[in-house]
Amino acid sequence: MRTQGAGVAAGSGSLLDFFRRKSKYARMDDVLPQDPEDGGGISSVRGSSRRYVFACSVFASLNHVLLGYDIGVMSGCIIFIEKDLHITEVQQELLVGCLTFISLLGCLAGGRTSDAIGRKRTIGLAAAVFQAGAAIMTFAPSFATLMAGRLLAGVGIGFAVMVAPIYISEISPAMSRGSFASFPEIFGSLGILLGYVSNLAFAGLPDGVNWRVMLGAGVLPSVSIVFVIMVIPESPRWLVMQGRAADARAVLLRVTDSEEEAMARLVEIEQAAAARVANSGEAAWRELLRPSPVIRRMLVAGLGVQFLQQITGIDALVYYSPTIFRNAGMAAETQLLAATVAVGFCKTAFIVVAIVLVDRVGRKPLLYASTAGITACLSVLAASLALLERGALPAGAAAGLAVAAVCGFMTFFSVGIGPVNMVLSSEIFPLRLRAQAVGVGVALNRMTSGAVSMSFLSVCGAVSLAGAFAAFAAASALSVAFVHWFVPETRGKTLEQIESLFGGGGAALCEVEMELGKGELLEHKRLVSHAPN
């Protein structure tokens, strides 16, 4: 994974040029000072700060390869595990869905852990826990042992899913935060694609060996996290929370384009952190449980996009795509796995579009396009399966439509609600609540994912495969309306300014009014006036 991460950084010159164009400051082409302890492991940096933030974002996102790989590889493993361990349909659902449910523990504990030991150490802890779980699954002699390893891996995944978007949002400049915060999603999708490729590559091995090799390969990427912890800096916001303003300044000098910009961001962070000094973690949880109107609007938007991302059936398609294609008329295992690789490719490739556009056109337009496109693709998939069940559509045509609809779903998912949900969740909450609120949002996301993946086969047995996807299409249609009414545009705002978009007044609102143009200010006021009470 080390060479892969480096390759991404080196081979993405156009993206880096795109990020550099956004800076309103001239870059100081000098050697920056040595990082303090826990401030980072690279001694000096020349050139663009965007390149440095880009590299840190790539490294911090590598844990998501583990999550994606585990999700993707299980879609093919389950075929061979069923043959080898003779598990039932209910056991299949438990094996697939338990990962997302148990990851709730990691999500909920991740907020407190990242506040206590730091963002980057939490990234390392996530990799270590996942690695232990993957090793247990690889050598599992029975279904019970396999479940134990999967549960342990789920805890590590929960930590990883929660902490990476927070870390990236806290080191990134406002004008490119959305692009960088999308990296976990693209690396998760890359992991899914690698899992699908692993299924196809190792399917020919003897039964009882093939699925173990597929799962065991997931241990290798986590080794790269040791390197990651050594080279990435700690979050400057976490350093300020620990009273280490000098260390935070040293990090900010490396991730900004000038000393003036670094000092301005440091002052901003210190002001936001001041409100947290008197608050304990328990106080943050009390505020989330009994929120003010402003915090309530943030929770509605943040938790809503997390829920809607999963209720449209993304994990059902990822985990059970071979089963779906088999029901649509495909028979050969190699065809099923090859079609699944095509699905993974679409999911991965089109996230690049989101990374380029999320800070150029904004979060909300991408969410509109994404949710509308997903609704259309789910409707086509449900209709084609229904026609096949009634004999009104040939099996070959139904299979072709199913593959096209699922690939279309992945395309629209990847350009919008896939990466944007975590961008929003990691940037809309104030610093004093950010870790806990993001943890709750990711926990809701994982719980919804688990409910969908653990019940999908049973629901299909009750209402048919076509009926299940018709229900997903209806949920997706509701998500379009949700985006319109409850999600504001946050493009270009600093983390400390965004509170005003949800009705926060006072000095923060005055500051936003000074920075926004007339047209954007009118849009901001319209969003505030239409926010739910």
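Quick note: structure is the one above.
Basis of the calculations
- Residues numbered from 1 in each chain as written.
- Predicted model: local features only at pLDDT ≥ 70, side-chain atom pairs only at ≥ 80, totals over all residues.
- Heavy atoms only, no water.
- Helix = DSSP H or I, 4+ residues; strand = E, 2+ residues; numbered from the N terminus.
- Buried < 20%, exposed > 50% of the residue type's maximum accessible area, 1.4 Å probe, protein only.
- Contact = heavy atoms within 4.5 Å.
- Areas by Shrake-Rupley, 256 points an atom, 1.4 Å probe, with all protein chains shown as cover.
- Phe/Tyr/Trp six-rings, centres within 6.5 Å; stacked < 30°, edge-to-face > 60°.
- Core = buried A, V, L, I, M, F, W, Y, C linked by side-chain atoms within 4.5 Å.
- Salt bridge = Lys/Arg side-chain N within 4 Å of Asp/Glu carboxyl O.
- Axes fitted to C-alpha atoms, helices over the stretch in contact; angles between N-to-C directions.
- Parallel < 35°, antiparallel > 145°, perpendicular 65-115°, else oblique.
- Nonpolar A, V, L, I, M, F, W, Y, C, P; charged D, E, K, R; others polar.

Asks: Summarise the overall build of the protein; cite the residues concerned and give the values.
Replies: When you go through the protein residue by residue, the secondary structure sums to 25 helices and zero strands. Relative to its full complement of 533 residues, the protein shows a buried share of 59%. Relative to all contacts within the protein whose residues are 6 or more apart in sequence, the contacts with residues 24 or more apart total 83%. Accessible area of the protein: about 18900 Å², with a carbon and sulfur share of 66%.

Asks: I'd like a rundown of the packing of aromatic side chains, residues and numbers included.
Replies: Two aromatic rings are characterised by how far apart their centres lie and by the angle between their planes. Applying the stated criterion to the full structure yields ten aromatic pairs. Each ring, one from F54 and one from F183, has its centre 5.3 Å from the other, and the planes form 85°; the classification is edge-to-face. Of the two residues, F54 sits in helix α3 (residues 49-60) while F183 sits in helix α9 (residues 183-202), which places them 129 residues apart along the sequence. Both residues of the pair, F54 and F183, belong to the buried class. Through successive ring pairs, a cluster of aromatic residues spans Y320, F456, F469 and F472.

Asks: So what's going on with the nonpolar core? Residues and values would help.
Replies: I81, L146, F325, F409, F456 and F469 are the most contacted members of the largest nonpolar core, which totals 149 residues. Dropping the residues within four chain positions of it, L146 is found in contact with I81, L85, L95, M137, A140, W211 and L215.

Asks: Can you lay out the pattern of salt bridges for me, pointing to particular residues and giving the numbers?
Replies: Counted under the stated rule, the structure contains nine salt bridges. In this structure, R363 and D359 form a salt bridge, with 2.7 Å as the shortest nitrogen-oxygen distance. Accessibility assignment for this pair places R363 and D359 in one class, buried. Across the pair E427 and R363 runs a salt bridge whose closest N-O atoms are separated by 3.0 Å. Taken together, the positions of E427 in helix α22 (residues 417-427) and R363 in helix α20 (residues 363-389) put the pair 64 residues apart, joining distant regions of the chain. Through salt bridges that share partners, D115, R119, E170 and R434 make up one connected network.

Asks: Please set out the environment of I232 residue by residue, giving values where relevant.
Replies: Position of I232 relative to the elements: it lies in the loop between α11 (219-231) and α12 (236-241). Here I232 falls in the buried class, since its relative accessible area comes to 1%. Put simply, I232 and K120 are 112 residues apart on the chain and 7.5 Å apart in space, counted from C-alpha to C-alpha.

Asks: Give me the packing of helix α4 (residues 63-85) against helix α17 (residues 314-327): which residues, what numbers.
Replies: One way to put it is that α4 packs onto α17 with a least axis distance of 6 Å and a crossing angle of 45°. Here α17 runs oblique to α4, going by the angle between their axes. Of α17, the residues touching α4 (which contributes I71, M74, S75 and I79) are V318, Y319, P322 and R326. The class makeup of the residues in the contact of α4 with α17 is six nonpolar, one polar and one charged.

Asks: Quick one: what's the story with unusual backbone geometry, residue by residue and with numbers?
Replies: The backbone of H86 shows a phi angle near 55°, a positive value even though the residue is not glycine. Within the secondary structure layout, H86 lies in the loop between α4 and α5 (89-117). By relative accessible area, which is 64% here, H86 ends up exposed. Its identity is not glycine, yet S464 carries a phi of approximately 85°, on the positive side. Examined against the element boundaries, S464 turns out to sit in helix α23 (residues 431-486).

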